[in-house]
Amino acid sequence: MIHKFTMFGTNIVVDVNSGAVHVLDDISYDILDFYDKVPKEEIIKQFTSKYDKEDIIETLTELSELKKRGLLFSEDIYESYVPVWEKKSVVKAMCLHVSHDCNLRCRYCFASTGNFGGERSIMSEDIGKKAIDYLIEKSGSRVNLEVDFFGGEPMLNFNTVRNVVEYARQREKESAKNFRFTITTNGMLLNKEDREFINKNFYNIVLSIDGRKDTNDQMRVRSDGTGCYDKILPVIKDIVKSRNQKNYYVRGTFTRKNLDFSKDVLHLADEGFEQISIEPVVAAEGSGFDIREEDVPTVCAEYERLALEYVRRRKEGQFFNFFHFMIDLSQGPCVAKRLKGCGSGNEYLAVTPEGDVYPCHQFVGNPEFKLGNIMDGELNERICKNFKELNIYSKQECRNCWARFYCSGGCAANAFQFNGDIYTPYKIGCELEKKRLECALWIKTQR
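Rules and cut-offs
- Residues numbered from 1 in each chain as written.
- Predicted model: local features only at pLDDT ≥ 70, side-chain atom pairs only at ≥ 80, totals over all residues.
- Heavy atoms only, no water.
- Axes fitted to C-alpha atoms, helices over the stretch in contact; angles between N-to-C directions.
- Helix = DSSP H or I, 4+ residues; strand = E, 2+ residues; numbered from the N terminus.
- Parallel < 35°, antiparallel > 145°, perpendicular 65-115°, else oblique.
- Left-handed = near helix turned anticlockwise from the far one by under 90°.
- Contact = heavy atoms within 4.5 Å.
- Nonpolar A, V, L, I, M, F, W, Y, C, P; charged D, E, K, R; others polar.
- Pairing = 2+ DSSP bridges.
- Expected span 1.5 Å × (residues − 1).
- Buried < 20%, exposed > 50% of the residue type's maximum accessible area, 1.4 Å probe, protein only.
- Disulfide = S-S within 2.5 Å.

Details of the packing of helix 2 (residues 40-47) against helix 3 (residues 53-68)
Point 1. Taken N-terminus to C-terminus, the directions of helix 2 and helix 3 make an angle of 140°; their axes are 10 Å apart at the nearest point. The angle between the axes of helix 2 and helix 3 places the two elements in the oblique class. Judged by the sense of rotation from one axis to the other, the crossing of helix 2 with helix 3 is right-handed. Contacts between helix 2 and helix 3 involve K40, I43, I44 and F47 on the former and, on the latter, K53, I56, I57 and L60.
Point 2. Class assignment of the residues belonging to the contact of helix 2 with helix 3 gives a composition of six nonpolar, no polar and two charged.

What follows is the structure in structure tokens.
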């Protein structure tokens, strides 16, 4: 299988199964549609009115050589790998919901402004420590483990965060494990002392801001309806500076209210941030914030505009990373990751303040996906098995999609939200992901 597209005058062809990416001249790009489908003589006859015969023959020879080397029209050898991983999974990452409360009331919040549809609550130190013990116990021989402190707003319960981190540091010595911590925060409560603790102990920090002041303050509001931009901008600038522009993301959301989101990305770059992620909202249909099918062409065009400006700025020394344009063609994710995705429900779990366990943070609050409770340690094997069987070959829409080895089948939570089935991908999300991938590939050709 191949995927071919043209962007800003550059002809790009992806050989899906080998992962090879080619930049082709016009004659190769045109002929490729007929190569391996019609006899060589017919191809020559069809294109002699447009190209020189000798050039056509030379092109056919070059395409044949690429195919011979396994870089074009290669076979899919990976489906047979899936059964190899059907052994018992180990847990390697955990999302600790230390707070089901928030000091903001973001209008698009998937977590119902922080409480995930339930009572507002915070995690006790005992639950947090038990989660660390569980992660160590269920991680098998794996050494490197990840813990993400999440909310709501985790800074509302930073005392527990501190104590759990210190407990994990103690446990890693005796269990021969290595913990890597991250935290996601809106920045409203980041004081100097807490920033110092985070910088010392946390590998990564995600700082929430939606971009331009008007964009941010329309959506990210306090309980009294006022915006937070003026409050958080200097705070997150300070912590980014203290981390020497490393191991962080400023992370925002765009909705139907700001389909010109490239301006928000560039605004954040102009403010000095080098690690930027602006994600499409996943909001309920009819909410007024949701991205609709008729919006897809507009959003795709916006990604292209951003890609063009991204390249221009980089060539002029104005560096920044945009998360969705980052792609590694040589040392990317391992085969297991490409086929099976994030590992939610098996390798990755989320724990609520009450100790309830879910496949990931986006399933929290849905009783259909409650796996158990951290205090008894037993998980619903039926649900876990359902998630374990998720892969790009168990999803019909993914089997023949050119992007399958890049997106790994997409997000199970989004699939369920829009289709009521974790095996049926979210169509709009798929279309946007494919456009982002095309932009990322085009960017690679411009270096």
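And the narrative resumes.
Section: the sheet that holds strand 11 (residues 275-280)
Point 1. If you trace the 10 strands from one edge of the open sheet to the other, you get 12-11-10-9-8-7-4-13-14-15, paired in mixed fashion. One side of each edge strand has no neighbouring strand; the edge strands of this open sheet are strand 12 (321-322) and strand 15 (372-373).

Section: helix 8 (residues 229-242)
Point 1. With 14 residues, helix 8 should cover 20 Å at 1.5 Å per step; its first-to-last C-alpha distance of 20 Å lies within 8% of that length.
Point 2. Those residues of helix 8 that sit buried are Y229, I232, L233, V235, I236, I239 and V240.
Point 3. For helix 8, the secondary structure elements touched by its buried residues are helix 6 (192-201), strand 9 (202-208), helix 7 (213-219), strand 10 (248-254) and helix 9 (262-270).
Point 4. Of the residues trailing helix 8, N244 is marked for its positive phi of about 55°.

Observations regarding the sheet that holds strand 3 (residues 21-24)
Point 1. With antiparallel pairing, three strands are arranged side by side in an open sheet as 1-2-3. Two strands bound the open sheet, and with one partner strand each, they are strand 1 (2-7) and strand 3. In this sheet, adjacent strand axes meet at a mean angle of 25° when their direction is disregarded.
Point 2. Note that strand 2 (residues 10-15) and strand 3 share four bridges and pair antiparallel. Counted as the bridge partner of I12 is V23 from strand 3.

Things to note about unusual backbone geometry
Point 1. Along the chain, G151 connects to G152 via a cis peptide bond; the corresponding omega equals 15°.
Point 2. Assignment of secondary structure puts G152 in the loop between strand 7 (144-150) and helix 5 (158-175).
Point 3. Its identity as a non-glycine residue notwithstanding, F116 has a phi of 55°, on the positive side.
Point 4. Within the secondary structure, F116 is located in the loop between strand 5 (99-100) and strand 6 (121-122).

A short note on the state of the cysteines
Point 1. If you walk through the whole model with that rule in mind, you get zero disulfides.
Point 2. Sulfur of C109: no disulfide; nearest cysteine sulfur belongs to C106 and is 6.2 Å away.
Point 3. With no disulfide of its own, C407 has C398 as its nearest cysteine by sulfur position, at a separation of 5.8 Å.

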